[in-house]
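Structural characterization, general
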Amino acid sequence: MKEIKIGKKVITNKYPAICVPVVGKSKEEVLSQANEIVKLQPDLIELRCDIFESTDVEDVKKMLSEFKNTVGEVPILFTFRTDKEGGEKAISDDDYFRLNVEVAKTKNVELIDVEAYSKKDMAPELIKEIKECGVKVVGSNHHFEGTPEKEEIIDTLLQMEKLGADICKIAVMPKNEEDVNTLIEASVQADNKVKTPIVTMAMGELGEITRVCCAVTGSCITFAAGTNASAPGQLKYNVVRELIDSREKFHPDYNVWLIGFMGTGKTTVSQALSKITGMEVVDADEYLVKRENMAISDIFEKFGEKYFRDIESDVIKELGKTSGKIISCGGGAVLRTKNVDVMKQTGKIVLLRASAQSIYERVKDGTDRPILNGHMNVEYIEQLMKQREDKYKPVADIEVPTDKDGLVMTCHDMLSKLKK
Ligand code: S3P
């Protein structure tokens, strides 16, 4: 396990610290946000100084000393995010250097963010001077345009470690699911290669999951919004707190069976929930495909639906012998009462819901849903959903919509309902 002490706080790569940013323009705004945020009891508080109205060292120092008084023991991360890396202001290299060193000298902050990768020339000296003041350094690098290759992400973190950073951070902007996975995989590998703790995240709504699965990525800090978000995709503090803590606190001895019509998000939601809680996930259809060594569409074509339903029942019976797992079922798994009986006896049944239109958007390009062969349209989906409603609704312990909110909020909604 990696550990680093920031003020009195010990931060590890197993249980992330939650850092809440303050993004006030005037001193009054900064202090009033700080006041509110301290009530949340975050692990760290970030002062985004590029948003503060002045870059004058004396103005900043004055504001900082009052800020310190307001936040008390909560360790402070001081950040001047330049416009080049997504921040509010441009600043000359000389001014950037001086501001950060002068802030370090006040010893009113525990941690300073240095854009080490893009300022490689000055980084070693700047980092050294900050550290000489007893202040630790987060070396950071931000990609608002896209997601670099896995190797580049790892290399960036390694380079920042070489430049002297105590914590190495990278943020990327994903354009699709694959980019999010690239960031997650790169983080897992980097956490093994880089000796310092790392901080990683994929920004935007697509990347939300990376802000709450730090035990998977090894990210030792996650940023969450208190009063205002400081970057796209930041979730509210309370949501992040509950989800991060669920990894320790939510260990049901029952299975969580996800049911619902095709395309309601059973696979996606179950995987996200597994990354958050650490619970093992089983995809019943995938399990079936492996067991039979045959694609579902081929099983339907060669042997027909009844044969498929028989195997599906066998699979559910087998999976019913396990416990504490998230089991994502095929859309038709509840058509047979005996399958539902297994689910009821061994766990809770979660019905995922989405509108016919959302479902259509999600499944229209797929070829692996034989039930929709030749009927790939909203009207048919709606009609089949209606026909099955009697099978879904009465058996569900809880219901969760999956097209109202982002993936992480959907998981949060489900966990809150499961805990009730
Ligand atoms: C089916 C749904 C599919 C799969 C099979 C039958 C159904 O699962 O089990 O094609 O009858 O609704 P998904 O809901 O995961 O697409």
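A brief structural summary. (Residues numbered from 1 in each chain as written. Predicted model: local features only at pLDDT ≥ 70, side-chain atom pairs only at ≥ 80, totals over all residues. Heavy atoms only, no water.)

**What about empty space enclosed by the protein?**
Put simply, the rule reads: A pocket, in this scheme, is an open set of points on a 1 Å grid over the protein atoms alone with protein on both sides within 12 Å along at least 5 of 7 lines, while a cavity is a set where a 1.4 Å probe fits but cannot get out; residues line either one if an atom lies within 4 Å of a point. Grid points are joined across faces, edges and corners, and a volume is the space filled by probe spheres set on the points. The way it works is that DSSP assigns letters per residue, a run of H or I at least four long becomes a helix, a run of E at least two long becomes a strand, and they are numbered from the N terminus. Under the scheme applied here, ten amino acids are nonpolar (Ala, Val, Leu, Ile, Met, Phe, Trp, Tyr, Cys and Pro), four are charged (Asp, Glu, Lys and Arg), and all others, including Gly, are polar.
Counted under the stated rule, the structure contains one cavity of 30 Å³ or more. A volume near 30 Å³ is recorded for the largest cavity. Lining the largest cavity we find Thr200, Met201, Thr210, Arg211, Cys214, Ser219, Ile221, Thr222 and Phe223. When residues of the lining of the largest cavity are traced back to their parent elements, those giving at least two are strand E9 (198-202) and strand E10 (221-223). Looking at the lining of the largest cavity, the element that brings in the most residues is E10, giving three residues. Class assignment for the residues of the lining of the largest cavity results in four nonpolar, four polar and one charged.

**Focus on the site of the ligand**
Applicable threshold: If a single non-hydrogen atom of a residue is within 4 Å of a molecule or strand, that residue counts as near it. Polar contact is the term for a pair of N or O atoms within 3.5 Å; when the atoms are in protein, one must be able to donate a hydrogen and the other to accept it, and sequence-neighboring residues count only if both atoms are side-chain atoms. Areas reported here follow the Shrake-Rupley algorithm with a probe of radius 1.4 Å; residue values treat only the protein chains shown as occluding. By definition, a pocket or cavity contains a molecule when more than half of the molecule's atoms lie within 2 Å of the pocket's grid points.
Asp285, Arg309, Gly331, Arg369 and Arg388 are the nearest of the 13 residues found near the ligand. Between Arg309 and the ligand, the recorded distance is 2.6 Å, taken from a side-chain N or O atom to an oxygen atom. Within the side chain of Arg388, a nitrogen or oxygen atom sits 2.6 Å from an oxygen atom of the ligand. Considering the ligand on its own, with 390 Å² of exposed area, one finds that the protein chains cover 95% of that surface. According to the grid-proximity analysis, the pocket containing the ligand is the largest pocket.

**Some thoughts on the environment of Lys364**
For the record, the criterion: To sort residues, take the accessible area from a 1.4 Å probe on protein chains only and compare it with the maximum for the residue type: under 20% means buried, over 50% means exposed, and anything in between is partly exposed.
The residue Lys364 is located in the loop between helix H13 (356-363) and helix H14 (378-392) in this model. For Lys364, a relative accessible area of 32% corresponds to the partly exposed category. Sequence separation between Lys364 and Ile398 is 34 residues, and the spatial gap between their C-alpha atoms is 27 Å. Within the local environment of Lys364, its side chain forms a polar contact with the side chain of Glu361, the two groups lying 2.9 Å apart.

**Digging into the layout of surface pockets**
Quantified by volume, the largest pocket comes out at close to 1,200 Å³. The wall of the largest pocket is formed by 48 residues, among which Gly265, Lys266, Thr267, Thr268 and Arg369 lie closest to the centre. Contributing elements (two or more residues each) for the lining of the largest pocket: helix H6 (177-193), helix H9 (266-277), helix H10 (284-292), helix H11 (296-319), H13 and helix H15 (407-419). Element by element, the count of residues in the lining of the largest pocket is highest for H9, at seven residues. Residues of the lining of the largest pocket, tallied by class, amount to 18 nonpolar, 15 polar and 15 charged.

**Some remarks on H6**
Just so we agree on the cut-off: To estimate the expected span of a helix, count its residues, drop one, and scale the result by 1.5 Å.
When the terminal C-alpha atoms of H6 are compared, their 24 Å separation across 17 residues agrees well with the 24 Å that a helix rising 1.5 Å per residue should span. If you check which residues of H6 are buried, you get Asp179, Val180, Thr182, Leu183, Ile184, Ala186, Ser187, Ala190 and Asp191. The N-cap residue of H6 is Asn176: its side-chain oxygen and the backbone nitrogen of Glu178 are 3.2 Å apart.

**Some details on the packing of aromatic side chains**
What counts here: Any pair of Phe, Tyr and Trp rings, taking the six-membered ring for Trp, is counted once the centres come within 6.5 Å. Such a pair is stacked with planes under 30 degrees apart, edge-to-face with planes over 60 apart, and tilted for the rest.
Across all of its chains, the model carries two aromatic pairs by this definition. Aromatic side chains Phe300 and Phe308 sit 4.9 Å apart centroid to centroid with 40 degrees between the ring planes, which places their arrangement in the tilted category. Assessed through its relative accessible area of 15%, Phe300 is described here as buried. What makes Phe308 buried here is its relative accessible area of 3%.

**Describing the pattern of salt bridges**
Here is the rule: For salt bridges, the criterion is a side-chain nitrogen of Lys or Arg within 4 Å of an Asp or Glu carboxyl oxygen.
The final tally for this structure, using the stated rule, is 33 salt bridges. Note that Lys128 is salt-bridged to Glu132, the shortest N-O span being 3.7 Å. Taken together, the residues Lys128 and Glu132, both in helix H4 (residues 123-132) and four residues apart, mark about one turn of the helix. Overall, Lys128 belongs to the partly exposed group, its relative accessible area being 43%.

**So, the packing of helix H8 (residues 237-249) against H9**
Where we set the bar: Working convention: axes come from line fits to C-alpha atoms, limited for helices to the stretch in contact. Angles between N-to-C directions cover 0 to 180 degrees. Angle categories are assigned with fixed cut-offs, so that under 35 degrees is roughly parallel, over 145 is roughly antiparallel, 65 to 115 is roughly perpendicular, and the rest are oblique. Whether two residues are in contact is decided by their heavy atoms, any of which lying within 4.5 Å being enough.
Look at H8 against H9: their axes get within 7 Å of each other, and the N-to-C directions meet at 75 degrees. Our classification of the angle between H8 and H9 gives roughly perpendicular. Taking contact as the criterion, the partners of Leu243, Ser246 and Arg247 in H8 are, on H9, Ser274, Lys275, Ile276 and Thr277. When its residues are assigned to classes, the contact of H8 with H9 shows two nonpolar, three polar and two charged.

**With respect to the packing of H11 against helix H12 (residues 337-346)**
We count it as follows: Helix crossings are classified by the rotation of the near helix relative to the far one: an anticlockwise turn of less than a right angle makes the crossing left-handed, while a clockwise turn makes it right-handed.
Packing of H11 against H12 brings their axes to within 9 Å, and their N-to-C directions diverge by 10 degrees. Classified by the interaxial angle, the pair formed by H11 and H12 is roughly parallel. Of the two elements, H11 crosses H12, and the hand of that crossing is left-handed. Counting all contacts with H11, which are made through Ser313, Ile316 and Lys317, the residues of H12 involved are Lys338, Asn339, Val342 and Met343. The residue makeup of the contact of H11 with H12, split by class, is three nonpolar, two polar and two charged.

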